[in-house]
Amino acid sequence: MPHLDEKLELILAEVIRRNAGEPEFHQAVREVLESLGRVVAKRPDFFDDALIERICEPERQIIFRVPWIDDAGKVQINRAFRVQFNSALGPYKGGIRFHPSVNVGIIKFLGFEQTFKNALTGMPIGGGKGGSDFDPKGKSDREIMRFCQSFMLELHRHIGEYTDVPAGDIGVGGREIGYMFGQYKRLSNRYEAGVLTGKALFYGGSRARTEATGYGNTYFVQSMLGTKGTSFDGKKVVVSGSGNVAIYTVEKVTSFGGKVIAMSDSSGYIVDENGIDLKLVKELKEVRRARISEYLRIKGDGKGVYFVKAGDGSIWDVACDVAMPSATQNELTGRDAKTLVKNGVIAVGEGANMPSTPDAVRVFQEAGVMFAPGKAANAGGVATSALEMQQNASRDSWSFEQTEGRLATIMKNIHDTCYATADEYGVPGDYVSGANIAGFVKVAEAMRALGVI
Ligand code: NDP
Ligand code: 2IT
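For the structure given in this document, a descriptive report is provided here. Here the structure is a predicted model, which means the values were calculated and not measured.

Cut-offs used in this document
- Residues numbered from 1 in each chain as written.
- Chains lettered and ligands numbered in written order.
- Predicted model: local features only at pLDDT ≥ 70, side-chain atom pairs only at ≥ 80, totals over all residues.
- Heavy atoms only, no water.
- Helix = DSSP H or I, 4+ residues; strand = E, 2+ residues; numbered from the N terminus.
- Rg over C-alpha atoms; globule rule 2.2 N^0.38 Å.
- Buried < 20%, exposed > 50% of the residue type's maximum accessible area, 1.4 Å probe, protein only.
- Contact = heavy atoms within 4.5 Å.
- Lys, Arg positive; Asp, Glu negative; His and termini not counted.
- Charge placed at Lys NZ, Arg CZ, Asp CG, Glu CD.
- Polar contact = N/O pair within 3.5 Å; in protein donor to acceptor, adjacent residues only side chain to side chain.
- Near = heavy atom within 4 Å.
- Nonpolar A, V, L, I, M, F, W, Y, C, P; charged D, E, K, R; others polar.

## Examining the overall build of the chain
Stage number 1. Per the secondary structure count, the chain includes 16 helices and 12 strands.
Stage number 2. A compact globule built from 453 residues would reach a C-alpha radius of gyration of about 22 Å, and the chain, at 21 Å, matches this within 12%.
Stage number 3. With the C-alpha coordinates aligned to their principal axes, the bounding extent of the chain is approximately 65 × 55 × 45 Å.
Stage number 4. Residue burial in the chain is summarised as follows: out of 453 residues, 57% are buried.
Stage number 5. A sequence separation of at least 24 residues applies to 71% of the contacts in the chain between residues at least 6 apart.
Stage number 6. Averaging the coordinates of the 55 positive side-chain charges in the chain and doing the same for the 55 negative ones gives two points 4 Å apart.

Structure, rendered in structure tokens:
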């Protein structure tokens, strides 16, 4: 069990007191502080000037009302957030999430994680996150558009290519980014392409951004497997979720010779022993916006295909060599981790942000399972967003091969940094500590150089 030294324990207690009722934020801070014991033992100066306390406090938090009119002419209201966490390394950068579970604590945990993740990419980007408790499920295109426009009517005063650059996350993809960009352009009277990333190609998007998070996680896990002389080739893989991150994880894993046998959404999971038919999943999810159970209806019962309803079982009951949780936070519990270990899992790569509970992480690490934490493994998305910003700034557009090549190099560097940092601090193979320490040191050094900010 990782230990918190006395000073860090006091800092955590204060974070919990000042941010009451925000368990996900407490969880994210605790995990980073647990890794920092070894840093402050070597570098006690990091305790000076309340540096750690300042890193745990967002620079700015914006909470606003979003009124909009549904197709029936009824007025609806939602609450929205933008947490501008840290700008020591560059403009705030991070996604926007539309999901009914969104609250300020969730956006704060995501903004906190984003700060260290962005530092690990080596790109000049600070950390932020936003979102709303708006539920896009079952809404018409016009309702989504009206919501996005109203959301941007407030958000536009707080963002800009040198200030804060949002992108997608759960419930926000190319369609929503388009509506938000269109509204920002009207309000600002500027074609400021670099204000949002995840744009479509024909108005300033980057090739490989759609694929980047899933591809990036796969590259990271491939490097991790490589440290033990193995690879994806011939491995059975389970990928939770069936959204942007999950779909492109399946695509890359398959191209590396792995066989993905299960995927999920919030209604349950499907298993296809023959290997997931990704073309069908893309049609269901990217075009028809359907439920994953449709997969079974189309493929037919038997023949190694089945569906398990949410609540009747966990996708982590499906035996696999590599698990890649790519849906949402705390989706993989201690119990799930024990099942995976019992079934012989050798590696876990987090595509989602904080999908494994602290208990689950402990189970994996104690069992010697290679474990890639989200803030390192899923950094390919935001890294490619930074590449999109580069292309926008130079009014250029790169080829898929060039962009994916940059992504692959960035992921290898992140992997190697986490690995080497874990070694340097006496915890070889502990990618959680490696990622937290390397990310923290980078942000902390920048903050010190900038004075008391
Ligand atoms: P999408 O909205 O495209 O897909 C989300 C998927 O996860 C859907 O299958 C969804 O099912 C499922 N899901 C979401 N919330 C829940 C829940 N509470 N319970 C069960 N299933 C759920 O989002 P992304 O693929 O973009 O994001 C997935 C994860 O990856 C998130 O943690 C996000 O923060 C993280 N991430 C995303 C990046 C990106 O570039 N998009 C970059 C780095 C991390 P359903 O449709 O039924 O809700
Ligand atoms: O969690 C994440 O890193 C994202 N949702 C992507 C953020 C971005 O700015 O591309």
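## Description of the side chain of Asn378
Stage number 1. Looking at the secondary structure, you find Asn378 in the loop between helix H13 (374-377) and helix H14 (380-393).
Stage number 2. Judged by relative accessible area, which is 5%, Asn378 ranks as buried.
Stage number 3. A distance of 3.0 Å separates a polar atom in the side chain of Asn378 from the backbone oxygen of Gly351.
Stage number 4. Sequence-distant contacts of Asn378, that is, excluding residues within four places in its chain, are made with Lys117, Thr213, Glu350, Gly351, Ala352 and Asn353.

## Topic: the site of ligand 2
Stage number 1. Within the structure, ligand 2 sits among 14 residues, and Lys93, Lys117, Lys129, Asp169 and Ser385 are positioned closest to it.
Stage number 2. Contacts to ligand 2 include Arg209, whose side-chain N or O atom sits 3.0 Å from an oxygen atom.
Stage number 3. Between ligand 2 and Ser385 there is a distance of 2.5 Å, counted from an oxygen atom to a side-chain nitrogen or oxygen.
Stage number 4. Of all the secondary structure elements, the ones that give two or more residues to the shell around ligand 2 are strand S3 (92-98), helix H4 (104-121), strand S5 (164-168) and H14.
Stage number 5. For the shell around ligand 2, a count of residues per class yields 2 nonpolar, 7 polar and 5 charged.

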